[in-house]
Each structure stands twice: as structure tokens, then as C-alpha cells.
Amino acid sequence: EVIASPVKAANVLPLHLSPPPRLPPPQSQSNAEVIALHFKAGGNQHSLNLRLLPKYSASSVAFMRHAAISGCRGELYRSEKDFLVQGKINCGGSTLPKVVKGDCPKDAVVDGGRACPSHDPKCGCHGPIMSKGMVGWAGGSAGPDLFIYTAATRCAVGGCPATHWSHDHTVFAEVADDATWAAIEELYKLPVRRQGMTFFADRIELTVGWA
């Protein structure tokens, strides 16, 4: 079973795209609950609809609403079947809301003797134990690389807690609907290449918008 943590794409070149035009949201930025990552795969358009969870990281949610309003672009680049899908948001030269790592939940039980991973040498507590369907920033960071913890198909949504990550990751969203799970299955059908981790053979461009 793969348990390696998502990492920031230090070796992935950013997309050199001009800032996209600002798009009007269907509702105000302050109360929009579901954003979407729109992409094309297998010749068809798909969307990953993500319900925002400000209770875990208000600053991350503000960033994602800004990305949806601005029509920011990005890419999906990593595919670990029955584990995670990872990508990156690129808002170009726009002025971005400041994102900070999430707070440690009040009920968190932190193992003081735990061996810390290289991406988080102080074993910071930044969010809840992730369960199937949760979305967080990769590499114990505050973005812009993000991932969806998909877990195995046999796991129920909200199940299969990723205890191996402890509270490392800042969580800010969750999969919003069955259509998104279907889109994830389409992503897992695409060709991959392996370089330690497993990447899509071709990076998949995305646009952030509204569900």
C-alpha cells in the first residue's frame, strides 16, 4: 500500500500562462460553497466539484474562491490509483489572498514521539486526520499544490482515515458529489509514467470555476 505523503512539485515547471480574465461568480465570493476544477480527459469535459470547508482553513477557502472568481488555471499532474490525485493552481500575476497553514483541531491527539516526515520536520498539526474525499494542500504546505485523498474504491466516503499522515495536511475542501467521483475514475484510466511517484503521462490543464 502506498502511504507516501503528497509533495510539492518542486521538479514540475509552472505553467507560463497570462492571467485569465476575471469571471463573475454565480453568488458572492463570501458565501460560495462549491468550486470546480474543470478539465478535459478522454475527449470529454469533466469537473471536480469541491465543497469548501472554512472551518478547517478560512484563508485556504478565501484563496479558492478568489481562484474561481478569477478563472485561475493550473494542472493535474499526479495519479496514484486508489490513493490520490494531485495538481497545482496557478493564478498568474494576480494579487492573491494570503494562505496560512490550518490550525490544529482542539480534539487532536498528537504523537510527540512520532518520526517527522522530511516535508514537515517539526511534525506540525495543521488539520484533521484526512478521510476519503478530503482535499488538502500537498507537502504539508499552504499551496499552491493540492490533492484529493481518494483512498481505495472499497472505502466509503468519509472512511479509511489516513492515520499515516497524522495531522500534517491543511484541509480546505471535500468531494461534493457522485459526478466528481466518476470524473476521478476517468482520470485513473489515463496513461501514467512512474518516476518514484506516479504521474499522468500528459499533464492535464484545468481551470478553476464554479460547480
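None of the values given here were measured: they were computed from a predicted structure.

Visitor: What is the right way to look at the pairing of strand β2 (residues 44–52) in this model?
Guide: Two faces belong to every sheet, and in a regular strand the side chains alternate between them. Two elements, strand β1 (residues 34–41) and β2, share 8 bridges in a ladder whose sense is antiparallel. Bridging across to β2, Ile35 finds its partner in Leu50. Counted along the chain from β1 to the antiparallel partner β2, the turn is 2 residues long, and its residue Gly42 has a positive phi close to 60 degrees. As defined by bridge partners, β2 adjoins strand β7 (residues 171–175) across 3 bridges and the pair is classed as antiparallel. Counted as the bridge partner of Leu52 is Ala173 from β7.

Visitor: What's the story with the packing of aromatic side chains in this structure? I'm lost.
Guide: Given two aromatic rings, one states the distance between the centres and the angle between the planes to describe the pair. Per the counting criterion, the structure on display carries 7 aromatic pairs. Pairing Trp137 with Phe172 gives two aromatic rings, centres 4.5 Å apart and planes at 35 degrees, and the pair type is tilted. Of this pair, Trp137 sits in strand β5 (residues 134–137) while Phe172 sits in strand β7; the two residues are 35 residues apart in sequence, bridging distant segments of the chain. According to the relative accessible area criterion, Trp137 is buried, its value standing at 1%. Ring geometry for Tyr149 versus Trp165: centroids 5.4 Å apart, planes at 70 degrees, classification edge-to-face. In this pair, Tyr149 is assigned in strand β6 (residues 145–149) and Trp165 in the loop between β6 and β7, connecting sequence segments 16 residues apart. On the accessibility criterion, Trp165 (2% relative accessible area) is buried.

Visitor: Can you help me understand the side chain of His126 in this one?
Guide: Checked against the element boundaries, His126 lands in the loop between β4 (84–90) and β5. Dropping the residues within four chain positions of it, His126 is found in contact with Lys101, Gly102, Asp103, Asp120, Gly140, His167, Asp168, His169 and Thr170.

Visitor: Looking at this model, I keep getting lost on the nonpolar core. Mind explaining?
Guide: The nonpolar side chains of soluble globular proteins are, as a tendency, buried together. Leu37, Ile89 and Val208 are the most contacted members of the largest nonpolar core, which totals 37 residues. Ranked by residues supplied to this core, first place goes to helix α1 (residues 58–70) with 6 residues. For Val208, the residues in contact, after removing those within four places along its chain, are Ile35, Ala36, Leu37, Met64, Ala67, Ala68, Gly71, Cys72 and Ile89.

Visitor: Would you take a moment to explain the environment of Arg154 for this structure?
Guide: In this fold, Arg154 is placed in the loop between β6 and β7. Taking C-alpha positions, Arg154 is 9.1 Å from Asp82, a pair spaced 72 residues apart along the chain.

Visitor: Can you walk me through unusual backbone geometry in this structure?
Guide: Excluding glycine, residues mostly carry a negative phi; peptide bonds, for their part, are mostly trans. Following Gly143, the chain continues into Pro144 via a peptide bond in cis, with omega recorded as 10 degrees. Mapped onto the secondary structure, Pro144 falls in the loop between β5 and β6. Non-glycine residue Asp82 carries a positive phi angle of around 60 degrees. The backbone phi angle of Cys160 is positive, close to 50 degrees, even though this residue is not glycine. Within the element layout of this structure, Cys160 appears in the loop between β6 and β7.

Visitor: Whenever I open this one, the state of the cysteines confuses me. Can you help?
Guide: By the definition in use, this model includes 3 disulfides. The residue that forms a disulfide with Cys104 is Cys125, at a sulfur-sulfur distance of 2.1 Å. Its S-S torsion of approximately 75 degrees makes the covalent link between Cys104 and Cys125 right-handed. Note that Cys104 is positioned in the loop between β4 and β5 and Cys125 in the loop between β4 and β5, a separation of 21 residues in sequence.

How each quantity is defined
- Residues numbered from 1 in each chain as written.
- Predicted model: local features only at pLDDT ≥ 70, side-chain atom pairs only at ≥ 80, totals over all residues.
- Heavy atoms only, no water.
- Pairing = 2+ DSSP bridges.
- Helix = DSSP H or I, 4+ residues; strand = E, 2+ residues; numbered from the N terminus.
- Phe/Tyr/Trp six-rings, centres within 6.5 Å; stacked < 30°, edge-to-face > 60°.
- Buried < 20%, exposed > 50% of the residue type's maximum accessible area, 1.4 Å probe, protein only.
- Contact = heavy atoms within 4.5 Å.
- Core = buried A, V, L, I, M, F, W, Y, C linked by side-chain atoms within 4.5 Å.
- Disulfide = S-S within 2.5 Å.

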